[in-house]
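In case you want the letters, here they are:
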Amino acid sequence: VAVTTRLLVSHLSGIRHYEKDITKVKEEKEKANRAFKLTKPCQDKEQKEKEGKGIEKSDSVKPREEHEGEVKSRNSKPGRRDKEFEQEEYYLKEKFESVIESLKIFKNDPLFFKPGSQFLYSTYGFTLLSAVVERVSGQKFTDYMLKMFRDLDMLSTVLDDNEAMIYNRARCYVYNKKGRLVNAPYVDNSYKWAGGGFLSSVGDLLKFGNALLYSYQAGQFKNTNGKLLPGYLKPDTVAMMWTPVPKTEVSWDRDGKYAMAWAVVEKKQQYGCCRQQRHYASHTGGAVGASSVLLILPEELDSEAVDTGLVAPPRGVIVSIICNMQSVSLNSTALKIAREFDKEKWVQ
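Bear in mind that the values here come from a model prediction, so they are computed numbers and not experimental data.

What follows deals with the nonpolar core. One finds Tyr124, Leu212, Trp242, Trp262 and Ile296 to be the most contacted residues of the largest nonpolar core, which totals 41 residues. Listing elements by their share of this core, those giving two or more residues are helix H1 (5-9), helix H4 (123-137), helix H5 (141-151), helix H7 (202-218), helix H8 (235-241) and strand S8 (290-298). In terms of residues, this core owes the most to one element, H4, which gives four residues. Domain assignment of the residues forming this core places at least three in each of domain 1 (1-34 + 82-157 + 188-197) and domain 2 (200-347). In this structure Trp242 touches Leu212, Tyr216, Ala259, Trp262, Val264, His279, Ala281, Ile296 and Pro298, once residues within four positions along its chain are discounted. Grouped together as the second largest cluster of nonpolar side chains are 12 residues, Tyr280, Val293, Leu295 and Val317 included.

Right, here's the structure in full:
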């Protein structure tokens, strides 16, 4: 088989996640599909009732297991343990000197399916992707990324290195089996820099979101008399990154599909005077003792304003939430916040 970088970045490679037993993965998927089939009729009925009353329902039931530590329900009680965090490899304490070295964790394991045929979220897929970046760039992956963060003015974004003295580093917390709040256990994330090995701040994530949104919209502004600087990425590149990929799915957003390292919801309205679906991109994150989300809601640009140069990119709403608590579901909260700011903007 052939595993391409596009398959890796869209989690279609067949490389395993933390669970090594393919039978358990299949059982979980079947269980989630059955739950989805049972809940969907009720959800659809409730959705139609809401739409009939002119109310948009944005909080949908999450039928599938949340990836990377997100829980299935926003109503889960404190102390409820996410099964994913029971995997031993979440708690590795071994120090890896390079991303090439960390490949030994999974490089001899069989693929779970033929690459390109199925979706399976895989942190190790991104570990392999980081090894590709390292070989192509001729630099250590961590050095390459830190230079990129500097270019993006993300000066508070650093490696999650236990030994380093990091200003304002937060303590992380988890609930134990008795439902009590305790300090998160010690882990070393050097085996997965690309899939969960960086520390950042809300401000830096907003800068990252703005840089992507600017790059995405820059090509739409024509009459700027050469005053508009180019984006960090080409507009076509961001558009490609935010284009849903077939056979993918998103556990934390019922409306979404996976694209290239982003979950994407496309603009859609099926019926007149009914629910409208706005285009946005987001991604959640989860680690031992921490949860996060970054959501980008691009503004639907007015063609006249764009042509006359009355507005300039970036235009939209970006929401970033970082929580030093494990297994906190944040995507729906971020979407609610984005919609409120978007609504307020149009009112003004």
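All right, on to the state of the cysteines then. The final tally for this structure, using the stated rule, is zero disulfides. Here Cys273 stays free of any disulfide, with the sulfur of Cys274 as its closest cysteine sulfur at 7.0 Å.

Burial of S8 is extensive: seven of the nine residues sit out of reach of the surface. Here seven bridges tie strand S7 (residues 280-287) to S8, and the two strands are oriented antiparallel to one another. Looking at S8, one finds that Ser282 is bridged to Leu295. Linking S7 back to S8 in an antiparallel pair, the connection comprises two residues, with Gly289 at a positive phi of about 90°. Of the strand pairs in this sheet, S8 and strand S9 (residues 316-323) are connected by eight bridges, and their pairing is antiparallel. When the bridges of S9 are listed, Val293 appears paired with Ile321.

The next subject is the side chain of Glu89. With respect to the secondary-structure elements, Glu89 resides in the loop between helix H2 (22-52) and helix H3 (99-102). Assessed through its relative accessible area of 8%, Glu89 is described here as buried. A polar atom in the side chain of Glu89 sits 2.6 Å from the side chain of Tyr124. Apart from the residues lying within four places of it in its own chain, the contact partners of Glu89 are Arg16, His17, Tyr18, Lys20, Ile105, Tyr124 and Tyr191.

Evaluation of the coordinates by the stated rule reveals 14 salt bridges. The salt bridge partner of Asp161 is Lys95, with a shortest N-O separation of 3.6 Å. With a gap of 66 residues between them, Asp161 in the loop between strand S1 (158-159) and strand S2 (173-175) and Lys95 in the loop between H2 and H3 connect regions that are remote in the sequence. For Asp161, a relative accessible area of 21% gives the class partly exposed. Each of Arg16, Lys20, Glu89 and Asp109 takes part in salt bridges that share partners, so that together they form one network.

This paragraph deals with unusual backbone geometry. In this model, Pro313 is joined to Pro314 through a cis peptide bond whose omega is 0°. Summarising the element assignment, Pro314 is placed in the loop between helix H9 (303-308) and S9. The backbone of Asp153 sits at a positive phi, close to 65°, despite the residue not being glycine. The residue Asp153 is located in the loop between H5 and S1 in this model. Of note, Asn168 is a non-glycine position whose phi angle comes to about 65°, a positive value. By the secondary structure assignment, Asn168 is in the loop between S1 and S2. For Asn168, a relative accessible area of 63% translates into the label exposed.

Here the focus is the sheet that holds strand S6 (residues 263-265). Within a sheet, neighbouring strands are paired by backbone hydrogen bonds and run either parallel or antiparallel to one another. Reading across from one edge, S5-S6-S7-S8-S9 is the order of the five strands in this open sheet, with antiparallel pairing throughout. Of all the strands in the sheet, just strand S5 (257-258) and S9 have a single pairing partner and so form its edges. Across the sheet, H7 touches S8 and S9, and the angle it forms with S9 is around 150°.

Each value, and the rule that gives it
- Residues numbered from 1 in each chain as written.
- Predicted model: local features only at pLDDT ≥ 70, side-chain atom pairs only at ≥ 80, totals over all residues.
- Heavy atoms only, no water.
- Core = buried A, V, L, I, M, F, W, Y, C linked by side-chain atoms within 4.5 Å.
- Buried < 20%, exposed > 50% of the residue type's maximum accessible area, 1.4 Å probe, protein only.
- Helix = DSSP H or I, 4+ residues; strand = E, 2+ residues; numbered from the N terminus.
- Domains from an automatic or database assignment.
- Contact = heavy atoms within 4.5 Å.
- Disulfide = S-S within 2.5 Å.
- Pairing = 2+ DSSP bridges.
- Polar contact = N/O pair within 3.5 Å; in protein donor to acceptor, adjacent residues only side chain to side chain.
- Salt bridge = Lys/Arg side-chain N within 4 Å of Asp/Glu carboxyl O.
- Axes fitted to C-alpha atoms, helices over the stretch in contact; angles between N-to-C directions.

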